[in-house]
Amino acid sequence: MSGLSSPTLLGVDAAELWNAEYLAGRYLDDPPVGFVDDIVAAAGRCRLRRGVYIGCGNGRNLLPLLDAGLDLIGLDISTEAIVQLRERRPDRAGELIVGDLRALPEQDRYELVVGIQVFQHGTRAQAHRHLGAAAARVAPGGLLCVRVNATATDIEYDHDVVEAAPDDGFTIRYRRGPKTGLDIRFFTAHELQALLGDRFTAVMPLRLHSTRRTPPAEGRWSQWEGIWQRAGR
């Protein structure tokens, strides 16, 4: 889904890029990812329902979460995504906001903070900062629900590796495809765990979810999925 902020890389503005993608119909007919069911189940076990979905796009995953009874604010940097989402759920228009976490009151904390395929946008420093900012918004006893790119991914489009380390993830900049010009982070499990530290306890331990691409595309797209509970009540 659309990123947390709108950096310009190689002359490419992320918000405008995503506006074009959503205008072209991206995600409109796609089913939700299976991780949605895990979020609903974890929220039910913990008796939590209010929160925020960061990078909600035009609703592929947000709509089924709302239909399941969760009460989530939707944030996205793409104006077009939010316009489409408001058309699909006019009853939620006031809770669907163009922007990132900075659009919400700084002091507010949430029972549920959801980010699906959003915290991977940007360089290592940017991605870490985005995930850290989201984690800081989780209320004591609340849940942080994350799905991000994994280093096991077979990258489909031409790209350059702009950051790499032997014991860490890597960042690429696409030279072709729908994200041309954008930096995208691919995480290791250790990298994610280290970012959260001892403030959170896993209620759904990290798992690697891999999907084979539809031919003629080759290889697999791999994501880390995890749900953590913030310490305290």
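Structural notes, computed from the coordinates. These figures come from a predicted structure and were not determined experimentally. (Residues numbered from 1 in each chain as written. Predicted model: local features only at pLDDT ≥ 70, side-chain atom pairs only at ≥ 80, totals over all residues. Heavy atoms only, no water.)

1. A look at the packing of aromatic side chains
1) Next: Summed over the entire model, instances satisfying the criterion amount to four aromatic pairs.
2) Next: Each ring, one from Tyr 157 and one from Tyr 174, has its centre 6.5 Å from the other, and the planes form 75°; the classification is edge-to-face. You can see Tyr 157 sitting in the loop between strand 7 (138-149) and strand 8 (159-164) and its partner Tyr 174 sitting in strand 9 (residues 170-174), a full 17 residues away along the chain.
3) Next: With relative accessibility at 11%, the residue Tyr 174 sits in the buried group. (Phe/Tyr/Trp six-rings, centres within 6.5 Å; stacked < 30°, edge-to-face > 60°. Helix = DSSP H or I, 4+ residues; strand = E, 2+ residues; numbered from the N terminus. Buried < 20%, exposed > 50% of the residue type's maximum accessible area, 1.4 Å probe, protein only.)

2. Here's the deal with unusual backbone geometry
1) Next: The phi torsion at Tyr 27 lies on the positive side, around 70°, for a residue other than glycine.
2) Next: Tracing the backbone shows Tyr 27 in the loop between helix 1 (14-23) and helix 2 (35-46).
3) Next: With relative accessibility at 9%, the residue Tyr 27 sits in the buried group.

3. Section: the pattern of salt bridges
1) Next: Taken as a whole and assessed by the stated rule, the structure comprises 17 salt bridges.
2) Next: Linking Arg 89 and Asp 91 is a salt bridge whose minimum nitrogen-to-oxygen distance equals 2.8 Å.
3) Next: The exposed category is assigned to Asp 91, whose relative accessible area is 56%.
4) Next: Arg 185 is the partner of Glu 191 in a salt bridge, and the nearest nitrogen-oxygen pair spans 3.0 Å. (Salt bridge = Lys/Arg side-chain N within 4 Å of Asp/Glu carboxyl O.)

4. Structural notes on helix 5 (residues 124-136)
1) Next: With 13 residues, helix 5 extends 18 Å from end C-alpha to end C-alpha; this agrees with the ideal 18 Å at 1.5 Å per step.
2) Next: Those residues of helix 5 lying buried are Gln 126, Ala 127, His 128, His 130, Leu 131, Ala 134 and Ala 135. (Expected span 1.5 Å × (residues − 1).)

5. Points about the sheet that holds strand 9
1) Next: Taken in spatial order, the three strands make up an open sheet running 8-9-10, and their pairing is antiparallel. If you trace the sheet from one side to the other, it starts and ends with strand 8 and strand 10 (183-186), each paired once. Put simply, the sheet's adjacent strands are angled 30° from each other on average, direction ignored.
2) Next: Examined bridge by bridge, strand 8 and strand 9 share five bridges and lie antiparallel to one another. Across the sheet, the residue bridging to Ala 164 is Phe 170, located in strand 9. (Pairing = 2+ DSSP bridges. Axes fitted to C-alpha atoms, helices over the stretch in contact; angles between N-to-C directions.)

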